[in-house]
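Here's the letter readout for the chains.
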Amino acid sequence: MGLRGFVCGGQCHHLARWWSKPGLWASRGFAGAGTPGSVRSSGPSFDNTLSAPPSRVRGFSQQAAVPAGAAPRKVVFSGIQPTGVPHLGNYIGAMRNWVNLQEEDTDTFRMFSVMDLHSITVPQDPETLRQRVLETASSLLAVGLDPAKCTLVQQSRVPQHTELAWILGCFTTTSQLEAMTQWKTKKRAQAQSARLGLFSYPVLMAADVLVYKTTHVPVGDDQRQHLELARTVATAFNKQVGTSVFPAPQTVLPPAAARIMSLRNPENKMSKSDRAQGSRIDITDSVDTVRTKLRKAVTDSLGEIHYDPKGRPGVSNLIEIYCAATGHSPVETEIAFKGCNTLEFKEGVATAVSEHLAPIQAEYARLETDPGFVMQVLDRGAQTAAAMAEQTMVEVRRAVGFTMG
C-alpha cells in the first residue's frame with residue numbers, strides 16, 4: 001500500500017495520480033481572516049519527495065549573519081520548547097511550515113530556536129533537559145531545516161534575550177500580563193505554585209522576537225495573544241525613548257488545516273503534556289507503533305468516512321492527518337475511502353503517516369550517531385544569533401540611557 005491510494009474490500013477508489021502533484025496544498029492558499037498585524041500563511045506542499053530532508057556532511061555552509069548597519073527586508077523568527085522528539089502535531093503545525101519558509105527570497109533572514117529558557121517555568125532535571133535540547137535540535141534538522149538557509153540556535157546561549165526581557169518588563173504592566181489567557185488557565189491549574197517565570201513568560205517571548213528585529217513570526221493561533229503583546233511593548237518602547245528601535249512583528253498563522261488534535265480526545269490539541277502515550281504520534285514512532293495508536297484513536301460508529309470537524313471530530317482529525325501526509329484534500333480523501341469502514345480507514349492513515357515519516361526517521365537516526373554535528377550547528381547558530389542580537393542591544397542600551405557619552 002502506498003501514499004497514492006488505499007484499497008479496502010475492493011470498494012475504495014484509487015486516488016488519481018494528479019491529486020498528488022506537488023504544490024496541491026499550497027495552490028489552495030488557505031487565506032484566513034486575520035487580525036491587524038497577522039497574515040495567514042498558505043499551506044506548505046505536502047508531497048513526500050519535497051519534504052525529504054537533505055543529506056548533510058560535516059562541512060556544512062551556514063546562513064550568513066546580517067552585517068552591522070545592514071537590515072534584511074524580512075526577518076523570520078520562531079521557536080519550539082525542548083520537549084524531546086516532537087510529535088506529529090508539532091511537525092505538521094509548525095516545523096514543516098518552517099522548512100517551506102526556507103525557500104523564500106534571499107533577502108529574508110530565518111532563525112529558529114530551541115526555547116530552553118521557557119522550558120524552566122516548570123521544574124526540569126538538568127540532564128534530561130540537556131538531552132531534550134539535543135533531541136529537539138536533531139529533530140529540526142531531520143525534518144529539513146538547513147543551516148545554509150536558516151540559523152538554528154539554543155535560546156539560552158544568547159544572553160541578550162534575558163537582558164532585553166528585563167528592559168521590556170519595565171515597559172509592560174502587570175495588568176497586561178494578567179490578561180493573558182494562558183496565564184489565567186495555568187494559574188488556575190497550579191494554584192499557589194505558579195511561578196514568576198510563568199507570569200512573565202510573554203515578556204521573554206517579546207524579547208525573543210524583538211532582539212532580532214523580527215518582522216514575521218510563524219506561530220500557532222494559541223500564541224497570537226502573546227505576539228500582540230510583543231507589538232504593544234515594541235510600540236510603547238519606541239514611543240517612550242523617542243526612536244524606532246523595534247519594528248512591529250507580524251503574526252504568520254499556519255494553514256487552517258494544520259491543527260492536529262489528540263488521538264484520545266479530539267477536542268484537545270495533540271500535546272506532550274498529555275500523559276497518555278496513545279494520544280499522540282511522535283515523529284520517530286515505528287510503523288507498528290503508529291498503526292497501534294491509530295487503531296485505538298477515538299472516532300465514532302457512523303461508518304462512512306466524512307469530514308465534519310464539529311459533528312465528527314475524531315474521524316475529521318484522522319482525515320486532517322491523512323491530508324497532511326499525502327497532500328490530498330478532505331474531499332479527495334472521502335472519495336478515496338468511499339466504502340471503507342473505520343478500521344480500514346485507520347490502516348490507510350497509518351500507512352500514509354509511516355511512509356511520510358520514513359525519510360525523517362532515517363535522518364534522525366543518522367544524526368543520533370553524530371551528536372557532534374548537531375552541536376556544531378548550535379555553536380555556529382549561537383555565534384550568528386549573538387552577533388545579530390548585540391547589534392540591537394547597542395541601540396537599546398543607548399536609547400534607555402545605559403551607554404555613557
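What you see is a predicted model; the values in this text were computed from it and never measured. (Residues numbered from 1 in each chain as written. Predicted model: local features only at pLDDT ≥ 70, side-chain atom pairs only at ≥ 80, totals over all residues. Heavy atoms only, no water.)

Chemist: Could you give an account of the overall build of the protein chain, naming the residues involved and the relevant values?
Modeler: Of the regular secondary structure elements, the protein chain holds 16 helices and 6 strands. In the protein chain, buried positions account for 51% of the 405 residues. Of all intrachain contacts in the protein chain linking residues separated by at least 6 positions in sequence, the fraction that spans at least 24 positions is 78%. On the protein chain, roughly 17800 Å² of surface is accessible, and the fraction owed to carbon and sulfur atoms is 55%. (Helix = DSSP H or I, 4+ residues; strand = E, 2+ residues; numbered from the N terminus. Buried < 20%, exposed > 50% of the residue type's maximum accessible area, 1.4 Å probe, protein only. Contact = heavy atoms within 4.5 Å. Areas by Shrake-Rupley, 256 points an atom, 1.4 Å probe, with all protein chains shown as cover.)

Chemist: Please set out the pairing of strand β2 (residues 74–80) residue by residue, giving values where relevant.
Modeler: When you tally the buried positions in β2, you get 6 out of 7 residues, the bulk of the element. Of the strand pairs in this sheet, β2 and strand β3 (residues 108–114) are connected by 7 bridges, and their pairing is parallel. Residue pairing across strands places S78 opposite F112, the latter belonging to β3. For the crossover that starts at β2, traverses helix α3 (residues 88–101) and ends in the parallel β3, the hand is right-handed. (Pairing = 2+ DSSP bridges. Right-handed = clockwise from strand over helix to strand, strands pointing away.)

Chemist: Outline the pattern of salt bridges, listing residues and values.
Modeler: In total, this model carries 15 salt bridges according to the counting rule given. D288 is the partner of R291 in a salt bridge, and the nearest nitrogen-oxygen pair spans 3.4 Å. Here R291 and its partner D288 are both found in helix α12 (residues 287–295), 3 residues apart, which amounts to about one turn of the helix. Judged by its relative accessible area of 54%, D288 is exposed. (Salt bridge = Lys/Arg side-chain N within 4 Å of Asp/Glu carboxyl O.)

Chemist: Quick rundown of the pairing of strand β6 (residues 250–253)? Include the residues and the values.
Modeler: Sheet analysis places strand β5 (residues 216–218) next to β6, joined by 3 bridges and oriented parallel. Note that in β6 the partner of V217 across the bridge is T251. The handedness of the β5 to β6 crossover, carried by helix α11 (residues 224–241), is right-handed.

Chemist: How would you sum up the nonpolar core? Please name residues and give values.
Modeler: In terms of nonpolar packing, the biggest core is built from 55 residues, with L88 and Y91 touching the most fellow members. Listed by contribution, the elements that provide at least two residues to this core are β2, α3, β3, α5 (126–143), α12, α13 (313–326), α15 (342–368) and α16 (371–400). Those residues in contact with L88, other than ones at most four positions away along the chain, are M270, I281, I283, I321, V353 and L357. If you look at the next biggest cluster of nonpolar residues, it comprises 42 residues, including V75, F77, L164 and A385. (Core = buried A, V, L, I, M, F, W, Y, C linked by side-chain atoms within 4.5 Å.)

Chemist: Can you lay out the environment of T174 for me, pointing to particular residues and giving the numbers?
Modeler: Secondary-structure assignment places T174 in helix α7 (residues 174–178). Each C-alpha atom of the pair T174 and F199 lies 9.0 Å from the other, and the pair is 25 residues apart in sequence.

Chemist: How would you explain the layout of surface pockets if you had to name every residue and give the values?
Modeler: Over the atoms, a rolled probe matching the size of one water molecule traces out where space is still vacant. Estimates place the volume of the second largest pocket at around 420 Å³. For the second largest pocket, the lining is made up of 21 residues, of which L196, G197, S200, Y201 and V203 are closest to its centre. Here the lining of the second largest pocket takes 4 residues from helix α6 (residues 160–169), the largest share from any one element. Here the residues of the lining of the second largest pocket sort into 11 nonpolar, 9 polar and 1 charged. (1 Å grid on protein atoms, 1.4 Å probe; cavity = no way out; pocket = protein on both sides within 12 Å on 5 of 7 lines; lining within 4 Å. Points joined across faces, edges and corners; volume = space filled by probe spheres on them. Nonpolar A, V, L, I, M, F, W, Y, C, P; charged D, E, K, R; others polar.)

Chemist: Break down empty space enclosed by the protein for me, with residues and values.
Modeler: Enumeration according to the criterion identifies 3 cavities of 30 Å³ or more in this entry. In this structure, the largest cavity spans a volume of roughly 60 Å³. Lining the largest cavity are M180, Q182, W183, K186, L198, Y201, P202 and H226. Only α8 (181–190) and α10 (201–210) provide two or more residues apiece to the lining of the largest cavity.

Chemist: Requested: an account of the packing of α6 against α16, with residues and values cited.
Modeler: Axis angle and axis distance: for two packed helices, these are the angle between their axes and the distance between the axes, and together they describe the pair. In the contact formed by α6 and α16, the axes pass within 10 Å of each other and the chain directions differ by 25°. Taken together, the axis directions place α6 and α16 in an arrangement best described as roughly parallel. Classified by chirality, the crossing of α16 by α6 is left-handed. Residue-level inspection shows Q160, E163, L164 and I167 of α6 in contact with α16, the latter providing A386, A389, E390, M393, V396, R397 and V400. (Axes fitted to C-alpha atoms, helices over the stretch in contact; angles between N-to-C directions. Parallel < 35°, antiparallel > 145°, perpendicular 65-115°, else oblique. Left-handed = near helix turned anticlockwise from the far one by under 90°.)

Chemist: Break down unusual backbone geometry for me, citing the residues and quoting the values.
Modeler: Among all residues except glycine, the phi angle is most often negative; among peptide bonds, the trans geometry is most common. Look at K213: it is not a glycine, yet its phi comes out positive at around 50°. Here K213 is to be found in the loop between α10 and β5. Residue classification places K213 among the partly exposed positions, given a relative accessible area of 25%.

Chemist: Lay out α3 in plain terms, naming residues and giving numbers.
Modeler: For α3, which comprises 14 residues, the first-to-last C-alpha distance of 19 Å matches the rise-based estimate of 20 Å (1.5 Å per residue) to within 8%. Remark: the principal bend of α3, roughly 35°, maps to M95. Of all 14 residues in α3, 12 are buried; the element is thus mostly enclosed. Within α3 the residues assigned to the buried category are L88, G89, N90, Y91, I92, G93, M95, R96, N97, W98, V99 and L101. (Expected span 1.5 Å × (residues − 1). Bend = angle between axes of the 7 residues up to and from the residue.)

Chemist: Lay out the environment of K149 with the relevant residues and their values.
Modeler: You can see K149 is positioned in the loop between α5 and β4 (151–154). Of the residues examined, K149 reaches a relative accessible area of 30% and is grouped as partly exposed. Separated by 43 residues in the primary sequence, K149 and T106 have C-alpha atoms spaced 8.8 Å apart.

Chemist: An account of the environment of L357 is needed here, citing residue identities and associated values.
Modeler: Here L357 shows up in helix α15. Excluding residues within four positions of it along the chain, L357 makes contact with L88, Y91, D282 and I283.

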